[in-house]
Amino acid sequence: MSVSLVKWTASVQGIYKRETTMSSKTVTADKARRRFRAMGWSMLLIFACAIILPTTSYLIPTETANAQVVDDQNQRSNFWRAVREGGSGYSSVKGPETGVFIDNGGQNWRQLRNGPISTYGGWALIIAVLGCIGFFLVRGKIKIGAEISGRKVQRWETWERFMHWFTAAGFVILAITGLSMLFGRLVLIPIMGPEGFALWANMSINVHNAVGPFFSIGVLGMFLFWVKHNFFNAVDLKWFASGGGIIGNAHPSAGKLNGGEKVWFWVVILVGLIAVCGSGFALIGWLAQLGIGDETRATMQFMHKVHAIGAILWITMFVGHAYIGTIGTEGALEGMTTGQVSEEWAKQHHDLWYDEVKGTVVGQDKPATGSGVSHPSTSTT
Amino acid sequence: MAKMKFLCDAERCIECNGCVTACKNENEVPWGVNRRRVITLGDGEVGEKSISVACMHCTDAPCSAVCPVDCFYTTDDGIVLHDKDLCIGCGYCFYACPFGAPQYPSEQAFGVRGKMDKCTFCAGGPVDDNSVAEYDKYGANRVSQGKLPLCAEMCSTKALLAGDGDMVADIYRERILKRGDRPQTWGWEKAYGSAV
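An account of the accompanying structure is given in this report. None of the values given here were measured: they were computed from a predicted structure. (Residues numbered from 1 in each chain as written. Chains lettered and ligands numbered in written order. Predicted model: local features only at pLDDT ≥ 70, side-chain atom pairs only at ≥ 80, totals over all residues.)

1. Looking at the interface of chain B and chain A
Moving on, step 1. Contact residues are listed per partner, giving 36 residues for chain B and 43 residues for chain A.
Moving on, step 2. Going through the elements one at a time, strand E2 (37-41), strand E3 (49-53), helix H2 (62-66) and helix H3 (92-96) of chain B are the ones with two or more residues in the side of chain B that touches chain A.
Moving on, step 3. Considering each element in turn, the side of chain B that touches chain A owes the most residues, five residues, to E2 of chain B.
Moving on, step 4. When its residues are assigned to classes, the side of chain B that touches chain A shows 23 nonpolar, seven polar and six charged.
Moving on, step 5. The sheet contact formed by strand E1 (residues 90-91) of chain A and E2 of chain B spans two bridges and is antiparallel. Counted as the bridge partner of Tyr90 of chain A is Thr40 of chain B from E2 of chain B. (Contact = placed C-beta atoms within 7 Å. Helix = DSSP H or I, 4+ residues; strand = E, 2+ residues; numbered from the N terminus. Nonpolar A, V, L, I, M, F, W, Y, C, P; charged D, E, K, R; others polar. Pairing = 2+ DSSP bridges.)

Written out as structure tokens, the structure reads:
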């Protein structure tokens, strides 16, 4: 068999003929086998090279040459392709982007705004409200467990409460006016008619643009003055692990602010202050005036998307915040209205913080503190 | 019913800006507002091409789709118009428009822009035809008088064509055949869809 292989190989590669016929006569079978192996590999290599070498024409130099040919042959096609892709030229009419023929980002922005942003955004808001109503129906108000003694501890200072309600008022105004811009055409025009809604929308946009910057100052203030309360720690991990005590009657330990409040704070800062307020300043042109970014359509489309998505996320979280802070939890609202909370509430919700401040009881009387707390105090001292 | 369309023949446009001037004069648009503009690609180079751009009166108008107060409407002639009494100057139509057609009279503090202005195909607006109110807000209404937009009528090289889309296409097709050229109907697909 090895001899027949030698003969076949030899007939293909004449150069080996003499050697192989010689070897079949003189050398040992071992040596012959080694040579056959070597020849086999050589053949394989030759075949491989025959396949691989021609494909080198696909490498970079050849490709550049091909592109050159396309360029030369189809100049006009390339010219109009550049136009379709948003290329710009010279225009004697001066203004932002007057040299651009076609801006393609607008279609993308339109599809996102009219599609997923308003669809999923709208449902997110509806689900947030329904979720709170559902939770209230199932769980009810989270009551203060202990008997109310009437003793109170200071939770928020006057300036902190001012900052909170200043920002909160701005938030509500901005949310209503902003949502009118996104959903008004769908929801309000059928109710108010086009003229009535146009009047409201005109007011909305002007109020929105004017209130926004002042509101942003409030949010910035919250960041500066409250960030010290909002660093996460090991206590918060345990708080999250037990679900914040929202299910069942367990009340996990918490400092002045619990894990949930800290999450809300960072949503306000990262989503609210940076994304929503930041994009808002870009949209009213203030960032461009400060030399940050520009007012091209691409920037505006991007900033509007950030603003809308961020704002819906923010409002969705706000629904939860407002629920927990008012009807969801007994005794929570008075912390932000009167600045003082009952000792029992503090012990129940913020035990670690209560341990720090329990020596500084500020109020002794006033069973009802104007916040609609339903528990009449039974203690007199 | 006729569907009004614009077409600018890039082989003929000489960047004289006559259409821009005609538009400003006919419609008495405010300072800073240019309903039409001429763009030159490769300006000063061999093979430069110019095109006159304004509102293309799109079939599926993006401005109309994103308007929060729904102030746009398309006439039976396929002309896209808007109601300045409803417009709140939010700028969304400018973000959405591929052709940069919407214009705003002012840019003030707190993002106040004033009411949007754009090419009306010389067809006025939603108030009484050829009334003083219509002229003040929207400019001329030549279409109601049986005329076409002045930009196209005054074009010295007849590069800018305006009118019923079929007739515009026929004129252009004839030119292409005579030239032995290929069509360069820039913006048509974007404005009127791939079916045209």
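2. Here we look at the pairing of strand E1 (residues 4-8) of chain B
Residue and element names in this part refer to chain B.
Moving on, step 1. Taking burial as the measure, the five residues of E1 include five buried ones, the bulk of the element.
Moving on, step 2. Here five bridges tie E1 to strand E6 (residues 160-164), and the two strands are oriented antiparallel to one another. Across the sheet, Leu7 pairs through a bridge with Leu161, a residue of E6. (Buried ≥ 20, exposed ≤ 12 C-beta atoms within 10 Å, placed from the backbone.)

3. Regarding helix H6 (residues 105-139) of chain A
Moving on, step 1. With 35 residues, H6 of chain A should reach 51 Å at 1.5 Å per residue; the first-to-last C-alpha distance of 47 Å fits that figure.
Moving on, step 2. Of all bends in H6 of chain A, the biggest is about 35 degrees, found at Arg113 of chain A, and the proline Pro116 of chain A comes one to four residues later.
Moving on, step 3. The elements touched by buried residues of H6 of chain A are helix H12 (297-328) of chain A together with H2 and H3 of chain B.
Moving on, step 4. Downstream of H6 of chain A by a residue or two, Gly140 of chain A has a phi angle that is positive, lying close to 75 degrees. (Expected span 1.5 Å × (residues − 1). Bend = angle between axes of the 7 residues up to and from the residue.)

4. A look at the nonpolar core
Moving on, step 1. Judged by nonpolar contacts, the single largest core of 93 residues is most densely connected at Ile51, Val69, Cys93 and Leu160 of chain B.
Moving on, step 2. Residues within four places of Cys93 of chain B in sequence aside, it is in contact with Cys63, Val66, Cys67, Pro102 and Met116 of chain B.
Moving on, step 3. One finds Val153, Val341, Trp345 and Ala346 of chain A within the second-largest nonpolar core, a separate group that totals eight residues. (Core = buried A, V, L, I, M, F, W, Y, C linked by C-beta atoms within 7 Å.)

5. Quick notes on the packing of helix H10 (residues 259-283) of chain A against H12 of chain A
Residues and elements named next belong to chain A.
Moving on, step 1. Direction vectors running N to C along H10 and H12 enclose 150 degrees, while the axes themselves pass 8 Å from each other. Handedness of the H10/H12 crossing: left-handed. Between H10 and H12, the residues in contact are Trp264, Val267, Val271, Gly272, Ala275, Val276, Ser279, Gly280, Ala282 and Leu283 and Thr299, Met300, Met303, His304, Val306, His307, Gly310, Ala311, Leu313, Trp314, Met317 and His321, respectively. (Axes fitted to C-alpha atoms, helices over the stretch in contact; angles between N-to-C directions. Left-handed = near helix turned anticlockwise from the far one by under 90°.)

6. Quick word on the environment of Gly106 of chain A
Moving on, step 1. With respect to the helices, strands and loops of the structure, Gly106 of chain A is situated in helix H6.
Moving on, step 2. Between the C-alpha atom of Gly106 of chain A and that of Phe302 of chain A, which follows or precedes it by 196 residues, the distance is 10.0 Å.
Moving on, step 3. Leaving out residues up to four positions away in the same chain, Gly106 of chain A has contacts with Arg297 and Gln301 of chain A together with Pro62, Tyr95, Ala96, Cys97 and Pro98 of chain B.

7. Structural notes on the packing of helix H8 (residues 189-226) of chain A against H10 of chain A
Packed helices, taken two at a time, are described by the angle between their axes plus the distance between the axes.
All names here are of chain A.
Moving on, step 1. At a closest axis distance of 10 Å, the pairing of H8 and H10 adopts a crossing angle of 145 degrees. The interaxial crossing formed by H8 with H10 has left-handed handedness. Across from Gly212, Ser216, Val219, Leu220, Met222, Phe223 and Trp226 in H8, the residues of H10 making contact are Phe265, Val268, Ile269, Gly272, Leu273, Cys277 and Gly280.
Moving on, step 2. Broken down by class, the residue content of the contact of H8 with H10 amounts to ten nonpolar, four polar and no charged.

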